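# Report on the structure
What follows is the residue order along each chain.
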Amino acid sequence: MAKVSILHGQLLDITISRLSQQLIENHGDFSNTVIIGLQQGGIILSERIKQKIKTMENIDVPCGQLDITFHRDDFRRRENILTPSKTEIPFLIENMKVILVDDVIFTGRSIRSALDAMMAFGRPSKVELLCLIDRKYSRDLPIEPSYVGKVVNSIQSQYITAEWKEDGHEDDNLWLINQ
């Protein structure tokens, strides 16, 4: 199993700063905007983006966590039992601009599930998608991110995994892994 680093350390920090700056340019004072990170991969990224915006603009953007387990289209088709994580959205999203955050977009199915799950919290005026890694050319659904950290061309037998300091790793790394 070969493993190649695609983002790490300072380059990862620069990428997150760039994504945060793009959000600042497009959302101004964030008065009608919330950030929702998808379990598992988008939670740490959404918190880091929230902190970058706080540091750059002194704006505290509301940030939540969304679990999509029961909204997945393969929920009952899997051999292994999926364990849900917590959903924590302490605000209504009715008529708000929502920035959905995930670490990797591949087929688009997780994002479709997130859109379904999110509707329990209201109907947003707009939804944008921010992904750290876009695995281009692999969509099953016509879903494209509004903000992308890095585009990676990959094949079906490869996958991307993230290691974050917040999860106990020594350094932040995103790896492309060949099976």
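Anything mentioned here points back to the structure above.
Overview of the structure.

Cut-offs applied
Residues numbered from 1 in each chain as written. Predicted model: local features only at pLDDT ≥ 70, side-chain atom pairs only at ≥ 80, totals over all residues. Heavy atoms only, no water. Phe/Tyr/Trp six-rings, centres within 6.5 Å; stacked < 30°, edge-to-face > 60°. Lys NZ or Arg CZ within 6 Å of the ring centre and 35° of its normal. Salt bridge = Lys/Arg side-chain N within 4 Å of Asp/Glu carboxyl O. Helix = DSSP H or I, 4+ residues; strand = E, 2+ residues; numbered from the N terminus. Buried < 20%, exposed > 50% of the residue type's maximum accessible area, 1.4 Å probe, protein only. Core = buried A, V, L, I, M, F, W, Y, C linked by side-chain atoms within 4.5 Å. Contact = heavy atoms within 4.5 Å. Arc of directions from axis to C-beta. Polar contact = N/O pair within 3.5 Å; in protein donor to acceptor, adjacent residues only side chain to side chain. Expected span 1.5 Å × (residues − 1).

We now examine the packing of aromatic side chains. Here the structure, examined in full by the defined rule, presents zero aromatic pairs. One cation-aromatic arrangement involves Lys3 over Trp175; the distance from NZ or CZ to the ring centre is 4.5 Å. Positioned over the ring face of Phe106 is Arg135, at 3.8 Å from the centre of the ring.

The next subject is the pattern of salt bridges. Under the criterion given, the structure shown has 13 salt bridges. Between Glu163 and Lys3 there is a salt bridge; the shortest N-O distance is 3.8 Å. Of this pair, Glu163 sits in strand E7 (residues 158-163) while Lys3 sits in strand E1 (residues 3-8), placing them 160 residues apart in sequence. A relative accessible area of 45% places Lys3 in the partly exposed class.

Once that is clear, we can look at the nonpolar core. Counting 29 residues, the largest nonpolar core has Ile49, Ile53, Leu130, Leu132, Ile133 and Leu174 as the members making the most contacts within it. Of all the secondary structure elements, the ones that give two or more residues to this core are E1, helix H1 (9-27), helix H2 (41-57), strand E4 (97-105), strand E5 (126-136), strand E6 (147-153), E7 and strand E8 (173-178). Here this core gets five residues from one element, more than from any other, and that element is H1. Apart from the residues lying within four places of it in its own chain, the contact partners of Leu174 are Val4, Ser5, Ile6, Leu7, Leu12, Leu132, Ile133, Ile160, Thr161 and Ala162. One finds Val34, Ile89, Val98 and Met118 within the second-largest nonpolar core, a separate group that totals 19 residues.

Given 3.6 residues per helical turn, the α-helix brings residues three or four places apart onto the same face. Listed in full, the buried residues belonging to helix H3 (residues 109-118) are Ile111, Ser113, Ala114, Ala117 and Met118. End-on, the buried residues of H3 take up no more than an arc of 155°, which puts them together on one face. For H3, the secondary structure elements touched by its buried residues are strand E2 (33-38), strand E3 (63-66), E4 and E5.

Okay, the side chain of Gln158 next. With respect to the element layout, Gln158 can be found in strand E7. Within polar-contact distance, the side chain of Gln158 engages the backbone nitrogen of Ile155 at 2.9 Å. Not counting the four nearest positions on each side in its chain, Gln158 is found in contact with Arg135, Asn153, Leu176, Ile177 and Asn178.

On to H2, then. For H2, which comprises 17 residues, the first-to-last C-alpha distance of 25 Å matches the rise-based estimate of 24 Å (1.5 Å per residue) to within 8%. The elements touched by buried residues of H2 are H1, E2, E3, E4 and E5. Just beyond H2, the residue with positive phi is Asn58, at close to 55°.

On to the side chain of Asp102, then. Its place among the elements puts Asp102 in strand E4. When residues no more than four places from it in sequence are discounted, the contact partners of Asp102 are Leu38, Gly41, Gly42, Leu45, Ile111, Leu130, Cys131 and Leu132.

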